[in-house]
Amino acid sequence: MSALHARRHGGTTVTDPTGTRHEEARDEAREEARERAVAAALATLDLDAKTRLLAGQDMWSLPALPEIGLKSLVMSDGPIGVRGVRWTADDPSVALPSPTALAATWDPALARRAGRLLAQEARRKGVHVLLAPTVNLHRSPLGGRHFEAYSEDPYLTGEIGTGYVLGVQDGGVGTTVKHFVANDAETDRFTVDNRIDDRTLREIYLAPFEAIVENARPWGIMTAYNQVNGRTMTEHHHLVNEVLRGEWGFDGCNVSDWMAARDTKGAVEGGLDVAMPGPRTVYGEALAAAVRAGEVDETVVDGAVRNVLRLAARVGALDGAEPAVTELPAPLDGDALAREIARRSFVLVRNQGALPLTRGRTVALIGAAARDARVLGGGSAQVFPDHIVSPLDGLTAALPADALAYAVGADPSDELTPAGQGFTLRAVCRDAEGNVLGEGSLPGGQVQWIGDDLPEGVTYDTLHSIEVTGTFTPRESGEHAFGTRGLGAFTLTVAGEILYDGVQEMGDEADPFEAFFGAPLERGKAALTEGVPVEVSLFHPLGQEHAAPLPGVMFSLVHLGPRRDPDELIAEAAEAARAADTAIVVVATTERVESEGFDRADLKLPGRQDDLVRAVAAANPDTVVVVNAGSPVEMPWRDDVAAVLLSWFPGQEGGAALADVLLGAEEPGGRLPTTWPAALADAPVTEVTPVNGELHYREGLFTGYRAYDRAGTTPAYPFGHGLGYTTWAYEALELSPESATIRVRNTGSRPGRETVQLYVAPVDDRMGRPARRLAGFAGVEAGPGETVEAEIGLPRRAFEIWDEKTGGWTAISGTYEIHVGRSLTDTRLRATLTVGGTD
Ligand code: BGC
């Protein structure tokens, strides 16, 4: 290869320019001192203490070992906030926008600030290790945790993930980059065997992990539930010991995904350091016994313990070892940062002059999610913010009272949903005699206590029943439906009347996650009056929960307000739209559509929302649709509306950020981190259900835009697309073997930020490579009429392939076109680069 010796993975924007050699030498000396402290601590531990340290002591922590001055290491999800060790709103957390949104900012420096805020939150909650970021890829839009991963592109994922990890670690808190590797869908996730050829594995699925290990040196990693090519990732000696640790030099701690470690010898020899959660794990006593029986070599255990102690030393949990960070970054304002990231993440995919709204216009705001915002995705990524700004809240604060009208239009869900709006509930825990043991507050009527995550003063030994009790104040008069989600016995009472008294048995669906995320069941109705509070109680005596491998109590009180005729609701919304200057419709997915634990069945907006948009657009040509979804949805009406703004799951300040952007105080800054298909059938991968336990990644390298390029299919909106409120001219591209310099001019009338994107396209490729790949990007800002230069490094990897024959990377000589522009398909400038090489 010619003089292409730029950094392998680029990432010019995330590293602090202040990193001098002097500092590096000091860091190295500290690292060595820490390593000595770790070795000294390890040398004093006996086998039982060592094996105990490798096993969770409860849901979220490892045991303390006071004899060596080791504190209990505490971990917590992750990725948009820090929930802490309890699944409760009693200890709220800042909720940032979801990972797809963070990636849509295309700004690793902003991701780094997000990381710093999360470290600050972690410290506040006594958490040492954040169970994040998720850097699996958007292989298929059906993936249930799509919202929780960054992008379809490994390079963008690696850059955002690098920024995030650096930020968390700047605050002296560890991360577990997850889920290593290929946990790209949820169906049968504990067992699925993902069959992936080596080249695809290296160039696509391992690539973000490799980049983050190289550029951010993470202190932890989490291995995935699934298998890769016949071996579960919890025991994958080759990928963990040989690739991650051997080739890439990862020196952090490897934590299992929750309950994924199933075999003592397989796991420890496969490179797994910590089995979570506890107390019942395959490590601890079982591991000590395996060593004593001569089945496992004690040096293997020592290696794992060393990794845990190193992590503890880095986060400051080991006495005598200087933590990696001794001076914390300046504190950040969580609400302000959540709002900034949200507006920087919104992707304006279509704008026929409707946005920003001009002053003095009246607005009809429409949609259930405009009032009851969906700000985060479901599953372990859930946190409890202390407030949520809905679009209705945001616009109410920003517009004069007589300029805003609201209509629900259509509800995305005709199912009962967790008892949130209008409910004030608490969980009362009692013993067998009916004495109160303790109480917990309960947002959304959901009891989700796992492991020791019980209210103060309550233990499984004494806990006999839980009563979810409090009041409900309806916001509409009519028939309100109430119900339950979960297994076991329930007595449901509303306004003094017993609506249900019975037992819900486990059905054919033997997955305990079904109880957690599963279908809500209607149990009865009550006629209620708007504004008049009633008493509500859901009584649940415990069954065998405490005897389960992981004790837990999971059930919910669910509710649905009076059902109105859907046609009437849509007609009312259309009427409101007609009476206003601009109609803003917020459409959304629900927690039954996008969540951990299952994949999506289709990409349709649930309920009558498509009909709603069509009716509103017919009533008012100035209709703006805001799409509140963590991953792609079909938008069959997209060419018939004036503007479409993707707001993702925007975090707690979403509504405030939306008002900023709609009214033009700020421009929407996002670019698509993933191709938005016109219809599911066009997506490169539409099958996420394993056959005979196997899921074949047959498409190889051709996921996302690579596949659209090859098939010649036009998506709804291409990778990298997103409009701001100003316009840009691309004036010049200068290329050196290491980098590209691009001059752009803000040709509009307001300041703006442009994400300059660089794609590498091999000419006359004979190596089976995709037509183009993202190789770099940079964000630049300029005032009206100003020019600004973006400098983008050319990563060596953009010119290499993984050679399955040699088992290594090979640079491919030849001619490459360099495309720079506003998106994958909006190329503004091109140049040619000739690369010499070894082939
Ligand atoms: C998820 C992980 C998460 C862990 C702990 C697992 O089910 O896959 O991402 O960190 O639970 O909540």
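Each chain carries its own residue numbering, running from 1 in the written order of its sequence. The predicted nature of this model means local features are confined to residues of pLDDT at least 70 and side-chain atom pairs, given and counted, to a pLDDT of 80 or more, with totals for whole chains, interfaces and linings taken over all residues. Only heavy atoms go into the side-chain values, all of them from the structure, while hydrogens and water stay out.

Chemist: What is the right way to look at the domain arrangement of the protein chain in this model?
Modeler: Accessible area lost on assembly of the parts is the figure often given for the size of an interface. According to the domain assignment, the protein chain consists of domain 1 (334-415 + 565-696), domain 2 (422-560) and domain 3 (726-835). Per the annotation, domain bounds derive from an automatic or database assignment of domains. Relative placement of domain 1 and domain 3: their C-alpha centres are 31 Å apart. The contact criterion used is simple: two residues touch if any of their non-hydrogen atoms lie within 4.5 Å. Across the boundary between the two partners, domain 1 contributes 7 residues, which contact 8 residues of domain 3. Values labelled buried area give the accessible surface lost by two parts on being combined, using a 1.4 Å probe and summing over both. Both sides together, the interface formed by domain 1 and domain 3 hides about 570 Å², and carbon and sulfur atoms give 25% of it. Sorting the residues of domain 1 by area buried against domain 3 places Arg-344, Glu-667 and Arg-671 first, and these three jointly supply 83% of that buried surface. Definition used for salt bridges: Asp or Glu carboxyl oxygen within 4 Å of a side-chain nitrogen of Lys or Arg. Counting every contact that joins domain 1 to domain 3 gives 1 salt bridge. Per-class residue counts for the side of domain 1 that touches domain 3 are 2 nonpolar, 1 polar and 4 charged. As a working rule, the residues Ala, Val, Leu, Ile, Met, Phe, Trp, Tyr, Cys and Pro are called nonpolar, Asp, Glu, Lys and Arg charged, and the rest polar, with Gly in that last group.

Chemist: I'm lost on the packing of helix α5 (residues 154-170) against helix α7 (residues 207-216) in this one. Help?
Modeler: Think of two packed helices as two axes; the pair is described by the angle between the axes and how far apart they sit. For the pair α5 and α7, the least separation of the axes is 8 Å and the interaxial angle reads 40°. Note that α5 runs across α7; the crossing there is right-handed. Judged by residue contacts, Pro-154, Thr-157, Gly-158, Glu-159, Gly-161, Thr-162, Val-165, Leu-166 and Gln-169 of α5 engage Ala-207, Pro-208, Ala-211, Ile-212, Asn-215 and Ala-216 from α7. Along the lines of polarity and charge, the residues of the contact of α5 with α7 split into 8 nonpolar, 6 polar and 1 charged. Lines are fitted to the C-alpha atoms to define the axes, a helix being fitted only along its stretch in contact, and any angle between axes, read from their N-to-C directions, falls within 0 to 180 degrees. The secondary structure listing takes helices from DSSP runs of H or I that are at least 4 residues long and strands from runs of E that are at least 2 residues long, numbered from the N terminus. The hand of a helix crossing depends on one turn: near helix anticlockwise from the far one by less than a right angle means left-handed, and clockwise means right-handed.

Chemist: Looking at this structure, I do not really get the packing of aromatic side chains. What am I missing?
Modeler: How two aromatic rings sit relative to each other is given by the distance of their centres and the angle of their planes. For this analysis, a ring pair means two rings from Phe, Tyr or Trp (six-membered ring only for Trp) whose centres lie within 6.5 Å, classed as stacked if their planes differ by under 30 degrees, edge-to-face if by over 60, and tilted for the remaining angles. In this structure the tally under the stated criterion is 19 aromatic pairs. With 5.5 Å between their ring centres and 35° between their planes, Trp-60 and Trp-258 make a pair best called tilted. Here Trp-60, found in the loop between α2 (47-53) and β1 (75-76), pairs with Trp-258, found in the loop between β9 (253-256) and α9 (264-269); they are 198 residues apart in sequence, far enough to count as distant. In terms of burial, Trp-60 and Trp-258 fall into one category: buried. By the ring-pair criterion, three or more aromatic residues cluster together here, those being Trp-106, Tyr-155, Tyr-705, Phe-719, Tyr-759 and Phe-777. Charge-over-ring contacts are defined here by two conditions on Lys NZ or Arg CZ: a distance within 6 Å of the ring centre and an angle within 35 degrees of the ring normal. Here the guanidinium or amino end of Arg-523 rests over the ring plane of Tyr-500, the centre of that ring lying 4.0 Å away. Over the ring of Phe-702 we find Arg-710, and its NZ or CZ is 3.9 Å from the ring centre. Think of it in three bands: with a 1.4 Å probe and only protein chains considered, a residue is buried below 20% of the maximum accessible area for its type, exposed above 50%, and partly exposed in between.

Chemist: Could you clarify how one ought to interpret the environment of Gly-670 in this entry?
Modeler: Relative to the helices and strands, Gly-670 is located in the loop between α18 (654-662) and β27 (694-696). Given the relative accessible area of 0%, Gly-670 is considered buried. Along the chain, Gly-670 and Gly-720 lie 50 residues apart, while their C-alpha atoms are 8.8 Å from each other.

Chemist: Honestly, the site of the ligand in this entry has me stumped. Any pointers?
Modeler: If even one non-hydrogen atom of a residue comes within 4 Å of a molecule or strand, that residue is called near it. Close to the ligand lie 13 residues, the nearest being Asp-77, Arg-145, His-179, Tyr-225 and Asp-257. Here Arg-145 contributes a side-chain N or O atom positioned 2.8 Å from an oxygen atom of the ligand. Asp-257 places a polar side-chain atom, nitrogen or oxygen, 2.7 Å from an oxygen atom of the ligand. Contact with the protein chains covers 95% of the free accessible surface of the ligand, which is 310 Å². Its residues assigned to classes, the shell around the ligand shows 5 nonpolar, 2 polar and 6 charged. As used in this structure description, the phrase polar contact means that two N or O atoms lie within 3.5 Å; if the pair is within protein, one of them must be able to donate a hydrogen and the other to accept it, and residues adjacent in sequence are counted only when both atoms belong to side chains. With residues, only the protein chains shown are counted as cover, and all accessible areas are computed by Shrake-Rupley using a 1.4 Å probe.

Chemist: What is the right way to read the pairing of strand β16 (residues 446-450) from this model?
Modeler: For β16, the tally of buried residues reaches 5 of 5 residues, placing the bulk of the element in the interior. Summarising the sheet, β16 and strand β23 (residues 552-560) pair through 5 bridges and their orientation is antiparallel. Paired with Ile-450 across the two strands is Gly-552, which belongs to β23. Here, any two strands with at least 2 DSSP bridges between them count as paired.

Chemist: Just to check I follow, could you spell out α18 for this structure?
Modeler: Residues that lie three or four places apart on an α-helix share one face, since the helix turns once every 3.6 residues. Judged by how many residues are buried, α18 sits mostly within the fold: 9 of 9 residues are covered. Inspection of α18 places Gly-654, Gly-655, Ala-656, Ala-657, Leu-658, Ala-659, Asp-660, Val-661 and Leu-662 among the buried residues, and these make up the whole buried set. On its buried side, α18 packs onto α12 (334-345), α14 (391-398), β24 (582-588), β25 (623-628) and β26 (643-646).

Chemist: So what exactly am I meant to see when it comes to the pattern of salt bridges here?
Modeler: Where charged atoms from two side chains of opposite charge come close, those side chains can pair. All told, the structure shown has 62 salt bridges when counted by the stated rule. Here Asp-170 and Arg-116 are joined by a salt bridge, their closest N and O atoms 2.7 Å apart. Within this pair, whereas Asp-170 is found in helix α5, its partner Arg-116 is found in helix α4 (residues 108-124), the two being separated by 54 residues in sequence. Judged by its relative accessible area of 26%, Arg-116 is partly exposed. Of the charged contacts in the structure, one is a salt bridge between Arg-828 and Asp-826, with a shortest N-O distance of 2.9 Å. Three or more residues joined by partner-sharing salt bridges are found here, namely Glu-31, Arg-34, Arg-217, Asp-251 and Arg-314.

Chemist: Is there a simple way to think about the environment of Lys-71 in this case?
Modeler: One can find Lys-71 in the loop between α2 and β1. With relative accessibility at 41%, the residue Lys-71 sits in the partly exposed group. Lys-71 sits 247 residues away from Leu-318 along the chain, and the two C-alpha atoms are 6.4 Å apart. Excluding anything up to four places from it in sequence, Lys-71 contacts Pro-63, Ala-64, Gly-316, Ala-317 and Asp-319.

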